[in-house]
Each structure stands twice: as structure tokens, then as C-alpha cells.
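Okay, here's what each chain looks like letter by letter:
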Amino acid sequence: MECDVAIIGGGIVGLATAWQLGRRYDCRVLVLEKESSVATHQSGRNSGVLHSGIYYKPRSKQAQTCLRGRRLMEEFCRTNDLPFELCGKVIIGSTPRELARLYTFYEWGRANGVQCQIIDRDALREREPYSAGSKALLVRDAGIVDYPGVVRRLMSLAQEQGTDVLTNSCVYGAHEERQHIVLETDSLTVHARHVLNCAGLYADRVAKLLGQEPNIRVLPFRGEYYELLSRQYCRHLIYPAGDERAPFLGVHATRMTDGRVLCGPSAVLALSREGYTGFTVVPGDILDTVLWPGSWHLARSLWRTAAREILQSLSKKYYLRELQRLIPAVKLADLRPARSGVRAQAVRADGKMIRSMYIKERQRVLSVLNASSPSATASLAIGETLARNLMNRLRLD
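Here's a quick rundown of the structure. Once a new chain begins, its residue numbering starts again from 1 and follows that chain's sequence as written. Owing to the predicted nature of the model, reporting of local features is limited to residues with pLDDT of at least 70; listing and counting of side-chain atom pairs is limited to 80 or more, with chain, interface and lining totals taken over all residues. The side-chain numbers reported here are obtained from all heavy atoms of the structure, hydrogens and water having been left aside.

1. Regarding the sheet that holds strand S7 (residues 135-139)
Turning to step 1, where the next piece is worked out: Two strands qualify as a pair provided DSSP detects at least 2 bridges between them. Strands here mean DSSP runs of E at least two residues long; helices mean DSSP runs of H or I at least four residues long; both are numbered from the N terminus. Spatially, eight strands are ordered S6-S7-S5-S15-S16-S17-S14-S19 in an open sheet, and the strand pairing comes out mixed. Edge positions in the open sheet fall to strand S6 (116-120) and strand S19 (335-337), since each of these has one partner strand only. Put simply, the sheet's adjacent strands are angled 30 degrees from each other on average, direction ignored.
Turning to step 2, where the next piece is worked out: Bridge count between strand S16 (residues 252-255) and strand S17 (residues 261-264): four bridges; the pairing is antiparallel. Following the sheet pairing, Thr254 is matched in S17 by Leu262. Note on definitions: angles span 0 to 180 degrees between N-to-C directions of axes, and those axes are lines fitted to C-alpha atoms, for helices only across the stretch in contact.

Next comes the structure, spelled out in C-alpha cells:
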């Protein structure tokens, strides 16, 4: 099979790029997905939040991409009759450090054009009657989306444009031949003029397969969720102010588009790149993590955070205590384990986590080596950028 662009990975970024290529340009596109269906991993195992752009410094590329991505996602959901809602969220603060962080987010939000305001305890309790906090930042532009539904619709639209989406197609070999990259799968050989690597949890390995030196390692962090059975405790989205020294936001409560309320996620280093339970162990994945110098640097710098996350994973009571900082009335019986996700986090050799998009380029290869939050929110904007880059490359051939 021959194509202009082969995309490895059927997640939201890969399929958003395929759709953008098909609707804007005249080219042959093929998507290769190793699983039996799309959105099997990160795109289908997240909290379903449509981010506003409040967390990103004004005029930064991350802020601009998030803001454009949110607008495109809203428009896409309206046009395709997909469930979404701009329900808004509250970010709660109680301590002086948390309140200072609220005001920082408020200034960033206003500068980014996000509808937000600081509200007092009475206004907070009126919106979220069971929430804690002396003050909160009300973010009206935040929302919820059915991301698995978005991915399935992107696949359908891409196929209508002529894109082939092949599942059960794991790429195990690659080499360059004349003006093509040749990809080997179990069922076929693909000759592609250019390749886009959107392999998520395996992006670093696929990059090596394609002849790149990624200079990072993807570390898998399992995010464990509980479903909040007493739904009245959370009407919309309740977030902590968080700690700027910690890499993740911490446990929060999210009402999904189907009405369920999820609490989480935690962030525990998994023993497999698909380690959705603590019992999933893959020695090769563990070796990958242990032999990467960045893993040890990261462990030394974040051991307190890691210890807290491990406690949350091992003890439902400790998890409850973290959640009660947001919603004091929640009881142990209100929590039921829900499906976990695994977050692909790129880490440099010096232990620094990459917090934004990280794309590595080679003559015929583009590799998305990190697509952390808000990549789902921003996926359509990211797809625009990647599609434009690929078409510029094709025109230069």
C-alpha cells in the first residue's frame, strides 16, 4: 500500500491530523492503529474535561493552542451533535499559598480572554453546596466532552474523505527506501512519503524504529479514579488550587457527559506502559524506566509527591482524605473504583518533565513525543499545525 502520509496511532491527535489533512489538502492518508479499535488508551481513558486555558502563561504557545483548540472543539461538537457542555468549574483555595495561586490563575485567565472571577465562600456554596474553601476561582469557560465519541466521529469523517484507518496494525519495522519510509505490519507493507508518529505511550520506541533519537523516555503514570456514587456532592467541576512544585494537578471531581462523577486521578508510576492495574507487570517496560537516568533524577526531586501518590493508590481511606479537602461530606461508602488510565509523560535525561507539546522532526518523520494536558482539548488545533507541517514537507519533495 502506498500513501503520502502514514499516521501511526489512532488516538485523538492522530485522527485529528488525519481529518485536517483530508479536509484541507489533496493527499492520500493512512492511519495505523495497533489495537482493535481507536481511542483505546489515553484518548478513551481521561476525565473528559474541556480546558479553558486558565493554567497557562499569557501569550505562551500552550495558552494559544489551548484557546484555539477549545473553540474548535466546541464548534466540532455542535456541528456533529456530540455531547459537550460549558458547565464551568471552581478552583478552590483555603491556605495563603492556595489563595495566592488562585489570583495568579485569575490574572493569567483574564490575560488569555478566559471568563473567570474570584468568588467568596457564599457564592461558592451556592454553586457547589458541599465544597470546601474560603474562596474559589470560577472559570466559566471550562467544560466537559465525550472524547471517545469525538475520536470515533473523527475516524468516520476521515474515512468519508478517503482516509484508510486500519486497526490491528502494529508497526514492527521501518526503513527508508528511495523517496519513501517503508513500514512493516503483520498484515501489510506500507510505502509512505512521510510518517507522523502519534503512538502515545510508545512514541519514543516508534521514534527509534523510524530512525530518530528521541532524547527522552516516556514514563507511564497510572491515573486511578473513583466514581462518586452520591452525585449531589458535585454539580459540575471541583478542582484544587494545586501546588506549583508538584507536576500534576491532584485529585479533583468531574461530572461527565453521561452524568457520572469521577474523582481523581492519582499519578503512580506504572509497571507497564499499559499498566491499568497494579498487577500488570511487563519486565521490559520496567527495565526501560529503571535504565533511564531521568527516572532517578525525577525520583530524587519528587519523592514526597511520589510517596503521597503511592499512599493514595494503596489506601482508599487516604484517597478519601485527599478528596475531602475539596468535598468534606464525602464518605468511604460513596466511592466505587472506576476505570484507570495511563498518562504518557516524556522525561528528559536530567529528570525534567516536559510539560508541553514536544515534536521531533527528521526528513520524512514527525514524532509527537509528548502531548500532555491539554492535548485532548487542543487536539483539533494541534492537528491543524501538524497537517500544515506535513503538507509543506510534501510540497518540497
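2. Observations regarding the environment of Leu183
Turning to step 1, where the next piece is worked out: One can find Leu183 in strand S11 (residues 180-184).
Turning to step 2, where the next piece is worked out: Only protein chains enter the area calculation, which uses a 1.4 Å probe; residues under 20% of their type maximum are buried, those over 50% are exposed, and those in between are partly exposed. Of the residues examined, Leu183 reaches a relative accessible area of 0% and is grouped as buried.
Turning to step 3, where the next piece is worked out: Along the sequence, Leu183 and Pro148 sit 35 residues apart, while their C-alpha atoms lie 27 Å from each other.
Turning to step 4, where the next piece is worked out: Whether two residues are in contact is decided by their heavy atoms: any pair within 4.5 Å suffices. The residues touching Leu183, leaving out its near neighbours within four places in the chain, are Ala6, Ile8, Leu32, Val171, Gly173, Ala174, Leu188, Thr189, Val190, Val195 and Leu210.

3. A short note on the side chain of His41
Turning to step 1, where the next piece is worked out: Examined against the element boundaries, His41 turns out to sit in the loop between strand S2 (29-32) and strand S3 (49-50).
Turning to step 2, where the next piece is worked out: What His41 contacts, discounting residues up to four positions off in sequence, is Lys34, Glu35, Leu201, Glu274 and Tyr276.

4. A closer look at the state of the cysteines
Turning to step 1, where the next piece is worked out: Cysteine sulfur atoms are paired as a disulfide whenever they fall within 2.5 Å. Scanning the model with the defined rule gives zero disulfides in all.
Turning to step 2, where the next piece is worked out: Looking at the unpaired Cys77, the closest cysteine sulfur is the one in Cys87, lying at 13 Å.
Turning to step 3, where the next piece is worked out: Residue classification places Cys77 among the buried positions, given a relative accessible area of 1%.

5. Details of the pattern of salt bridges
Charged atoms that come close allow side chains of opposite charge to pair.
Turning to step 1, where the next piece is worked out: We define a salt bridge as a side-chain nitrogen of Lys or Arg found within 4 Å of a carboxyl oxygen belonging to Asp or Glu. Here the structure, examined in full by the defined rule, presents 28 salt bridges.
Turning to step 2, where the next piece is worked out: With a shortest N-O distance of 3.2 Å, Arg193 and Asp397 are connected by a salt bridge. Of this pair, Arg193 sits in strand S12 (residues 189-197) while Asp397 sits in the segment after helix H11 (379-396), and the two are 204 residues apart along the sequence.
Turning to step 3, where the next piece is worked out: On the basis of relative accessible area, Arg193 is assigned to the partly exposed category, the value being 23%.
Turning to step 4, where the next piece is worked out: Among the salt bridges present, the one from Asp288 reaches Arg217, with a minimum N-O distance of 3.7 Å. In this pair, Asp288 is assigned in helix H7 (residues 283-290) and Arg217 in strand S13 (residues 216-223), connecting sequence segments 71 residues apart.
Turning to step 5, where the next piece is worked out: Accessibility expressed as a relative area gives 11% for Arg217, which makes it buried.

6. As for the nonpolar core
Turning to step 1, where the next piece is worked out: Judged by nonpolar contacts, the single largest core of 42 residues is most densely connected at Leu21, Val150 and Leu154.
Turning to step 2, where the next piece is worked out: Contributing elements (two or more residues each) for this core: strand S1 (2-8), helix H1 (12-24), S2, helix H2 (61-79), helix H5 (147-160), strand S22 (365-370) and H11.
Turning to step 3, where the next piece is worked out: Broken down by element, this core gets its largest block of residues, eight residues, from H11.
Turning to step 4, where the next piece is worked out: The nonpolar core is taken to be a set of buried Ala, Val, Leu, Ile, Met, Phe, Trp, Tyr and Cys residues, with the residues joined through side-chain atoms within 4.5 Å. Counting 29 residues, the second largest nonpolar core, distinct from the first, contains Leu183, Val190, Ile216 and Ala344.

7. Examining a nonpolar patch on the surface
Turning to step 1, where the next piece is worked out: Where nonpolar side chains cluster on the molecular surface, the patch consists of Leu287, Val290, Leu291 and Trp296 and spans about 420 Å² of accessible area.
Turning to step 2, where the next piece is worked out: Since its relative accessible area comes to 49%, Leu287 is described here as partly exposed. Residues forming no salt bridge and having over 30% relative accessible area are the ones grouped into patches, like charges within 9 Å of each other and nonpolar side chains (Val, Leu, Ile, Met, Phe, Trp, Tyr) within 5 Å. Per-residue and other accessible areas were derived by the Shrake-Rupley procedure at a 1.4 Å probe size, with only the shown protein chains allowed to occlude residues.

8. Notes on the sheet that holds strand S18 (residues 268-269)
Turning to step 1, where the next piece is worked out: Reading across the sheet, the three strands line up as S18-S13-S20 and stay open at both edges, with antiparallel pairing between neighbours. Since the sheet does not close on itself, it has two edges, and those belong to S18 and strand S20 (341-348), each with one partner.
Turning to step 2, where the next piece is worked out: When S13 meets S18, the two strands line up antiparallel, connected through two bridges. From the neighbouring strand, Phe221 faces S18, where its bridge partner is Leu269.

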